[in-house]
Amino acid sequence: MKYIYSCEEFNPHNTNHKESIIVDETEIITSPAYLHIFKDKTSNEKYCVVSDNIGIPMPYLKMDNDFFVGTSQYIYFFDCISKKTKRRLLSSPCTKILISHNKIITICEFSVMIISLVDKRVVAEFEFSDVISDYKIYQNFLHVYFMEGTEQKIDI
């Protein structure tokens, strides 16, 4: 399933977007709010997130009836059938969301969080003092590379 992603400055008085907003971070952000619109190409259904990420595309993933979005502060889990949203606090902005071994792997600027796909609980969390520059996912582990040239292996 493919998505069209767009971002625009958020206007809370624009009633066209009110019904489609699934996540609103305006109470926790200090910079101007932006509306991120994820539109399903096949069904035309819209998922909208109000967040402070303006220039960096927000990582997202759709799997079955779940839609995942990573922001600068949280990873959100949206159930497309029940329309319920859960979230997990991140220690740094999310840059990538992956699925492996029934786990959601969130790669952030300075951390990696592994979350159970079944119940959305945090299985493991790793924080680093260096910026993650790249990663490779293998059968049973994640290899993380850092800006200073070091690397670390994380079992999944």
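Structure shown above.
Note that the coordinates shown come from a computational prediction; the quantities given were computed from them, not determined experimentally.

Novice: Is there a simple way to explain the pairing of strand S9 (residues 94–100) in this structure?
Specialist: Inspection of the sheet shows S9 paired to strand S10 (residues 103–108) by 6 bridges, in the antiparallel sense. When the bridges of S10 are listed, Ser 100 appears paired with Lys 103. Remark: 2 residues form the turn of the hairpin made by S9 and S10, two consecutive strands paired antiparallel; His 101 in that turn has positive phi of roughly 55 degrees.

Novice: What is the right way to read the sheet that holds strand S4 (residues 46–51) from this model?
Specialist: Hydrogen bonding along the main chain pairs the strands of a sheet, whether they run parallel or antiparallel. Across the sheet, 4 strands lie side by side as S1-S3-S4-S2; this open sheet has mixed pairing. Of all strands in the sheet, those bounded by a partner on one side alone are strand S1 (3–9) and strand S2 (21–24). Averaged over all pairs of adjacent strands, the angle between their axes in this sheet comes to 15 degrees, without regard to strand direction. Where S2 and S4 come together, 3 bridges link them in parallel fashion. Counterpart to Ile 21 in the pairing with S4 is Cys 48.

Novice: Please explain the sheet that holds strand S6 (residues 66–70) as it appears in this structure.
Specialist: Taking strand neighbours across the sheet as the criterion, the 4 strands line up as S5-S6-S7-S8 in an open arrangement whose pairing is antiparallel. Each edge of the sheet is formed by a strand with only one pairing partner; in this case those strands are strand S5 (60–63) and strand S8 (85–89). Here the strands of the sheet are splayed against their neighbours by 15 degrees on average, with no regard to which way each runs. Direction of pairing for S5 relative to S6: antiparallel, over a ladder of 4 bridges.

What counts and what doesn't
Residues numbered from 1 in each chain as written. Predicted model: local features only at pLDDT ≥ 70, side-chain atom pairs only at ≥ 80, totals over all residues. Heavy atoms only, no water. Pairing = 2+ DSSP bridges. Helix = DSSP H or I, 4+ residues; strand = E, 2+ residues; numbered from the N terminus. Axes fitted to C-alpha atoms, helices over the stretch in contact; angles between N-to-C directions.

These results come straight from atomic positions and should not be treated as a statement about function.
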